[in-house]
Amino acid sequence: MITEEDVERISWLARIEIDSSKSKEYAEQLNSILDYFQQLEELDTSDIEPTYHVDDLVNVLRSDDIKPSFTQEEALENCENKKDGYFKVPGIM
Amino acid sequence: MPEWMSIRDTKHKIDNLSAEEVTSSYLDTIEKSSINAFTNINKKAIEDAKYYDKNQSDLPLAGVPISIKDNISTKGIPTTCSSRMLENYIPPFNAHVIEKLYEAGAIIIGKTNMDEFAMGGSTETCCGGTTFNPWDTSRVPGGSSGGSAAALAAGESPISLGSDTGGSVRSPASYCGVVAMKPTYGTISRYGLISYSNSLEQIGPMATCVEDIAHIMDVIAGYDNRDSTSIKRDINYSDAIINDSEGMKIGVPTELISDGINPKVEKIVWDAIHKMEDLGAIWKEVSLPTTKYALPAYYILAMSDASSNLARFDGTRYGLQVEGNNWHVMASKTRAQGFGDEVKRRILLGTYALSAGYHDKYYVKALKVRTLVKNDFDRAFNDVDVLMGPTMADIAFKVGEKIEDPLSIYMTDINNVPVNLAGIPSMSVPCGFADKMPVGLQIIGNTFDESSILRCAYTFEQNTNHHKKRPDGVN
Amino acid sequence: MSYSNTDGIMIGLEIHVQLNRLKTKMFCGCSTQYHSSPPNTHVCPVCLGLPGALPVINQKAVESAMKVGLALNCEIVEQTQFHRKNYYYPDLPKGYQVSQFDYPIVSNGKVAIEGEDGELVIRIRRAHMEEDPGKLIHMGSIDKSKGTLIDYNRSGMALLEIVTEPDIRSPKEARRFLDKLRNILEYLDVFDSDLEGAMRVDANISLQGGDRTEIKNISSHKGAERALLYEIMRQKNLLRRGEIVTMETRHFDEARGVTTSMRSKEEEHDYRYFPEPDLVPLRVKDRTEKLLQELPELPDAKKERLISQYSISDMHAKALVSNLKIANFYEEVASEVNPKVAATWIADVLKGELNYRDLTIDACKVEDIVQLVTMVMENKITDRSAVEVIRTLLDSGGNCMEIVEKKGLVKVEDNVVEQAVDDVLGENKNAINDYLNGKEQSLNFLVGQVMKKTRGRADPMIVRDIIANRIK
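Residues numbered from 1 in each chain as written. Chains lettered and ligands numbered in written order. Predicted model: local features only at pLDDT ≥ 70, side-chain atom pairs only at ≥ 80, totals over all residues.

**Student:** For this particular structure, what's the right way to read helix H1 (residues 7-16) of chain B?
**Tutor:** Since the α-helix turns once every 3.6 residues, residues separated by three or four places project in the same direction. Residues and elements named next belong to chain B. Within H1, the full set of buried residues consists of Ile 7, Thr 10 and Ile 14. Buried residues in H1, looked at end-on, bunch into an arc of 60°, giving them a common side. Turned more than 90 degrees away from the buried face of H1 sit His 12, Asp 15 and Asn 16, all of them exposed. (Buried ≥ 20, exposed ≤ 12 C-beta atoms within 10 Å, placed from the backbone. Helix = DSSP H or I, 4+ residues; strand = E, 2+ residues; numbered from the N terminus. Arc of directions from axis to C-beta.)

**Student:** Just to check I follow, could you spell out the interface of chain B and chain C for this structure?
**Tutor:** It is common to give the size of an interface as the accessible area lost on bringing the parts into contact. Opposite the 32 residues of chain B that make contact, chain C presents 25 residues. Mapped by element, the contributors of at least two residues to the side of chain B that touches chain C are helix H9 (291-309), helix H10 (327-338) and helix H11 (341-354) of chain B. Among the residues making up the side of chain B that touches chain C, the classes are represented as 11 nonpolar, 14 polar and 7 charged. (Contact = placed C-beta atoms within 7 Å. Nonpolar A, V, L, I, M, F, W, Y, C, P; charged D, E, K, R; others polar.)

**Student:** Where do I start with the interface of chain A and chain B in this structure?
**Tutor:** Between chain A and chain B, the residue contacts involve 42 residues of the former and 54 residues of the latter. Secondary structure elements with two or more residues in the side of chain A that touches chain B: helix H1 (4-13), helix H2 (23-37) and strand S3 (86-89) of chain A. Class assignment of the residues belonging to the side of chain A that touches chain B gives a composition of 25 nonpolar, 9 polar and 8 charged.

**Student:** Can you help me understand helix H10 (residues 366-377) of chain C in this one?
**Tutor:** All names here are of chain C. Over its 12 residues, H10 runs 17 Å from end to end, which matches the ideal 16 Å to within 8%, given 1.5 Å per residue. Buried within H10 are the following residues: Ile 369, Gln 371, Leu 372, Val 373, Met 375 and Val 376. Looking at the buried positions of H10, the neighbouring elements they touch are helix H8 (324-334), helix H9 (339-356), helix H11 (383-396) and helix H12 (400-406). At the C-terminal side of H10, Asn 379 shows a positive phi close to 65°. (Expected span 1.5 Å × (residues − 1).)

**Student:** For this particular structure, what's the right way to read the domain arrangement of chain C?
**Tutor:** Domain annotation of chain C identifies domain 1 (10-291), domain 2 (297-406) and domain 3 (414-471). Distance from the C-alpha centre of domain 2 of chain C to the C-alpha centre of domain 3 of chain C: 33 Å. (Domains from an automatic or database assignment.)

**Student:** Sorry, what's going on with the packing of helix H6 (residues 299-310) of chain C against helix H7 (residues 314-321) of chain C here?
**Tutor:** Packed helices, taken two at a time, are described by their axes: the angle between them and the distance between them. Residue and element names in this part refer to chain C. Relative to each other, H6 and H7 sit at 135°, their axes nearing to 9 Å. Accordingly, the angle class assigned to the pair H6 and H7 is oblique. You can see that H6 and H7 cross each other, and the crossing is right-handed. Contacts between H6 and H7 involve Pro 299, Lys 302, Lys 303, Leu 306 and Ile 307 from the first element and Asp 314, Ala 317, Lys 318, Leu 320 and Val 321 from the second. Class assignment for the residues of the contact of H6 with H7 results in 6 nonpolar, no polar and 4 charged. (Axes fitted to C-alpha atoms, helices over the stretch in contact; angles between N-to-C directions. Parallel < 35°, antiparallel > 145°, perpendicular 65-115°, else oblique. Left-handed = near helix turned anticlockwise from the far one by under 90°.)

**Student:** Got a minute to help me understand the sheet that holds strand S6 (residues 106-115) of chain C in this structure?
**Tutor:** The pairing of strands in a sheet comes from backbone hydrogen bonds and takes either a parallel or an antiparallel form. Residues and elements named next belong to chain C. Taken in spatial order, the 9 strands make up an open sheet running S3-S6-S7-S10-S1-S11-S12-S13-S14, and their pairing is mixed. At either end of the open sheet lies a strand with only one pairing partner, and these are strand S3 (75-76) and strand S14 (258-261). Sheet topology note: the S6/strand S7 (residues 118-131) ladder contains 9 bridges and is antiparallel. Looking at the pairing, Lys 110 lines up with Arg 123 of S7. Each of strand S1 (10-18), S6, S7 and strand S11 (199-206) is contacted by helix H3 (residues 171-188), which is oriented at about 120° to S6, the strand it contacts most. (Pairing = 2+ DSSP bridges.)

**Student:** What am I meant to see in the pairing of strand S13 (residues 248-253) of chain C here?
**Tutor:** Residue and element names in this part refer to chain C. Summarising the sheet, strand S12 (residues 213-218) and S13 pair through 4 bridges and their orientation is parallel. Each bridged residue has a counterpart across the sheet, and for Glu 214 the counterpart in S13 is Thr 249. The parallel pair S12 and S13, bridged by helix H4 (residues 221-240), forms a crossover whose chirality is left-handed. Bridge analysis of S13 against S14 gives 4 bridges, and the strand direction is antiparallel. If you follow His 251 over to S14, its bridge partner there is Thr 260. In this antiparallel pair of consecutive strands, S13 and S14, the connection spans 4 residues, and Gly 257 shows a positive phi of 70°. (Right-handed = clockwise from strand over helix to strand, strands pointing away.)

**Student:** Looking at this model, I keep getting lost on the nonpolar core. Mind explaining?
**Tutor:** Nonpolar side chains in soluble globular proteins tend to be buried together. Formed by 246 residues in total, the largest nonpolar core has its most connected members in Val179(B) and Ala203(C). Not counting the four nearest positions on each side in its chain, Ala203(C) is found in contact with Ile11(C), Leu13(C), Ala174(C), Ile215(C), Ile218(C), Ala224(C), Ala227(C) and Leu228(C). Ala317(C), Leu350(C), Met375(C) and Ile381(C) belong to the second-largest nonpolar core, a separate cluster that totals 36 residues. (Core = buried A, V, L, I, M, F, W, Y, C linked by C-beta atoms within 7 Å.)

**Student:** Explain the sheet that holds strand S9 (residues 145-151) of chain C here, please?
**Tutor:** The antiparallel open sheet is built from 4 strands, whose spatial order is S2(A)-S3(A)-S9(C)-S8(C). Since the sheet does not close on itself, it has two edges, and those belong to strand S2 (82-83) of chain A together with strand S8 (135-140) of chain C, each with one partner. Two strands pair when backbone bridges link them, and S2(A) and S3(A) are joined in this way by 2 bridges, in the antiparallel orientation. Pairing of Lys83(A) across the sheet is with Tyr86(A), part of S3(A).

**Student:** Would you take a moment to explain the environment of Glu276(C) for this structure?
**Tutor:** Residues and elements named next belong to chain C. In this structure, Glu 276 sits in the loop between strand S15 (274-275) and helix H5 (288-294). Given 23 C-beta atoms within a 10 Å radius, Glu 276 is considered buried. Sequence separation between Glu 276 and Pro 55 is 221 residues, and the spatial gap between their C-alpha atoms is 9.8 Å. Apart from the residues lying within four places of it in its own chain, the contact partners of Glu 276 are Phe 82, His 83, Arg 84 and Val 98.

**Student:** It is not clear to me how unusual backbone geometry should be interpreted in this structure. Could you clarify?
**Tutor:** The bulk of non-glycine residues show a negative phi, and the bulk of peptide bonds are trans. Cis geometry marks the peptide bond from Gly143(B) to Ser144(B), where omega comes out at 10°. As for its placement among the helices and strands, Ser144(B) is situated in the loop between strand S3 (107-112) and helix H5 (146-153). One non-glycine residue, Asn59(A), lies in the positive phi region at around 50°. Looking at the secondary structure, you find Asn59(A) in the loop between H2 and strand S1 (61-62). We note that Phe117(B) has phi near 50°; this positive angle belongs to a residue other than glycine.

Written out as structure tokens, the structure reads:
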């Protein structure tokens, strides 16, 4: 079951800030749904292959031909923080 | 007064009046409306309509207004997924289906409300407020394409596009008494559809009559080399609009008429099946034993996909950006504030299901259950042409009734999700009323057999009167 | 003499090769020629990670990957698939990288290099395809950052990640492996190694069976050797002090030549790999035959052929094939003059002079070297003069004949030399006596005088012989 530590770890992996005071609440909510998922254990799937794709498509490829790119303006259109043609964000550290 | 119009009706009206007047009339209706079906109106709609009037043509959807679910990219028109995260996002490109609609002469009147990022069954998780069911505004329209269905039912749009990951066009169609189809996976290009669960979702046409579904399919379905999962098939869907189901074999899966079903709904659905029998079809009971496990498997897969598909929303290139003293903090705060609770829950669970130590137990297990679900359908379709059952186990519930208990909303899609897992097509058509609220009949077909579904649906529609009823205040 | 590897060094390398000779990126049609373009001008919905965008695989990228695999003696997989590698970083537009996980396109190969003690086979564990992230520019210093600027032009470029088994036993062998690998890739023409970001190396090293350290941020082959040398020293020091070497990732600081610890939370990586739902599997093993036929002659094969075809030495052949253009240049020259002599002049002299000046063989014309070798063989110029001609060609241009004329380098005829010797011996009786009395330097002095008289155009070796014989 998901513990409060799990909630902190997952929220970091998912980059969603969760106030530590809410970790317990989240854990409860998530666990009630996770409980519901447990019923899959009732099924014996030891001889079953997983289905990753529903159809038989293979080898969908395209030729190495150049297509038009965005202009710099189009690329940055939806970004509020930009500088000299770059996307601007805070530093990494 | 707002009215339901088919494509044919709309084209007649355009011929008698003009595209501009028709579009104008719809915009007027929308403005006066209180059901909150739309997130944004296309500012260029009138201009486009005027252009049509000047350059009249014989295109399949010439001058016909259409509303688009707000998770389908429309160049120059905000596309928000009803999320704070994309409140001001204006795509610099059109989805494939939008290009096709423009080529066919359609007028995009606006974007419809939805559950945030298509995660929901009631169109209540939207940042712009819930949408109300035109048949009873104290009830939900279903979800996640609730805005589209409500717009159709309220006469605010003749046709619409929604998307269906686990019932999201069928559930609102059922609750709002309109028609919708989720086609076979790969039939309609997903290029430009903002992804929730890319393994499972398809764009779905929605309309007030079966024939229009076929016409929309003829325009938007078909191969797109920008979508690697797109299938090459040349089908004319309108050819399946035939009023004849003589000899058609119908399977009724026991598991779809489940314990929790509203007895009134059950009766109405059985009436529909018997009606088909009267019309020359043969039915028999079949079994899809894995049905009850389909729901948890669906959610594990959808949430896993979602946790990855929504990772791109980090405040860097588009969308909301919240301040933070470094990039990781900025991204974490942006996502905390940009996403609603349901979206956050699903991302967290999806992350968990894929994570080291749980990957096999949840993700791979769910994929194995998917195989079992598909096998069930393959077996059933050996004997029958289509499967029938209720789309939803009950009529639309009250606004606010289930939102505090996410699991209870998940459960409402129990009849829909197996279809998405197997990638097969399915439609919902109106088949009656319980307590004055619409009930939907689900018709499921084998892979790429939309034609059988359309034929069955059209026959049923043309020989019943359910599709002739309207909500109060609508013609 | 066998290499004893007393420190128990085990080195494995992960090399990212950017397939920059493709016209377009891995999953979209944006042009790959971004290196001198303004930022964010080679992007589209796909490589910018816009919502709703979908990837489509570049066929030529797959074929390039297969060709590299075949050139490295790998097996081609029966069925392969792309996976999502999920992690967060500003240069990663989708929040995941489309890569390959458990069924890489090629695996189980080998490359022979010159080890510390003879030929050494380095096993290739696998090579897989993936996409490059964008580029970050940090504003301000690392600790007082004013922000980060991002250019996504590089985002989506096709990468081939090649992973070796830890068969490498020394920094020198690592360097040789990288040189050999680059050589092979150059022959395949899958990438231009001169472009920025074309080849990036991560190194893994452990001593005496201990935990391994990963070193990142190596951008040159020399850098790899230096980083590994430093790391070995660092680890040996720790072990000498009785401390344990912990498994960690370290950053190579090229400027200072040291590795530093990367103690950041990003290191807790759970990539949550799952197959990319937007891409279907590849079954391309049946293209192997066709691709094998399209493979060019690779360095090892070319070396053997040069040796047998032109009867040149192993050492010369090795030097010539280490650069494809030089090898081609050599064969053009060898088709017109004595191949063995051509090999000496190109491998021993020209190559060195080019390296010294940081020039490529493009700075040279085949005709010039042909003329040069011809003149040497016809005894028209001395070896020393020939070297001077080469240097002048590279420094100031012109052509061989011109330079020989202008600098008056034509070798003096024998009788002129004889005459000069006569003159010098006549004028330097004392030196002759000194030499006869055992002073060796006197001979040098006499030779020097003759060289002065002939203005350096005589062949000093021959002058020496003539004088020595005369005096005796």
